[in-house]
Amino acid sequence: GAVGLTGIMLYPSSPQTRQATATSPGNFPQVVRISPEDAKKAYEEGSAVFIDVRSVQEYEQQHIPGALSIPLLDLESRIGDLDPNTWYITY
């Protein structure tokens, strides 16, 4: 099936933030939709950390190598644990 990809920019001066139109739902500093091609490039370059927002059970079945598991319902409460200088891509 299709995968939804969202980039969370915690560092507002990142190049990705300047190039994209951002919205700020909830307490998330910058949330920008990105294309699968941009996500693939970020993965290949190692320029972003991927966060799997599905359930822990779904993550354990299969996930992007190196992705963090933070279920969507926990993401807002754990956002403060993330490095503000890192580009995160949620899926």
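Computed from a prediction, not measured in an experiment: that's the story for all the values here.

1. Thoughts on the overall build of the protein
- If you tally the helices and strands in the protein, you get four helices and five strands.
- Each helix (α) and strand (β) of the protein, taken in turn from the N terminus, gives the series β-α-β-α-β-α-β-α-β.
- Among the 91 residues that make up the protein, the fraction classed as buried is 36%.
- Nonlocal contacts in the protein, meaning residues at least 24 apart in sequence, comprise 56% of its contacts between residues at least 6 apart.
- Of the accessible surface of the protein, which amounts to about 5800 Å², a share of 52% is contributed by carbon and sulfur atoms.

2. Brief notes about the pattern of salt bridges
- Under the criterion given, the structure shown has two salt bridges.
- Notably, a salt bridge pairs lysine 40 with glutamate 44, separated by 2.4 Å at the nearest N-O pair. Of this pair, lysine 40 and glutamate 44 both sit in helix 2 (residues 36–45), separated by four residues, roughly a single helical turn. Each member of the pair, lysine 40 as well as glutamate 44, is classed as exposed.

3. Side note on the nonpolar core
- Within the largest apolar cluster, ten residues are counted, these being Ile34, Ala39, Ala42, Ala48, Phe50, Tyr59, Ala67, Trp87, Ile89 and Tyr91.
- Of all the secondary structure elements, the ones that give two or more residues to this core are helix 2 and strand 5 (87–90).
- The next biggest cluster of nonpolar side chains, apart from the first, holds seven residues, and it includes Ile51, Ile70, Leu75 and Ile79.

4. Things to note about the confidence of the model for the protein
- Mean pLDDT for the protein: 78, with 67% of residues reaching 70 or above.
- Every residue in residues 10–25 is under pLDDT 50, and counting partners more than four places away or in other chains gives 27 contacts.

About the thresholds
- Residues numbered from 1 in each chain as written.
- Predicted model: local features only at pLDDT ≥ 70, side-chain atom pairs only at ≥ 80, totals over all residues.
- Heavy atoms only, no water.
- Helix = DSSP H or I, 4+ residues; strand = E, 2+ residues; numbered from the N terminus.
- Buried < 20%, exposed > 50% of the residue type's maximum accessible area, 1.4 Å probe, protein only.
- Contact = heavy atoms within 4.5 Å.
- Areas by Shrake-Rupley, 256 points an atom, 1.4 Å probe, with all protein chains shown as cover.
- Salt bridge = Lys/Arg side-chain N within 4 Å of Asp/Glu carboxyl O.
- Core = buried A, V, L, I, M, F, W, Y, C linked by side-chain atoms within 4.5 Å.
- pLDDT = per-residue confidence, 0-100.

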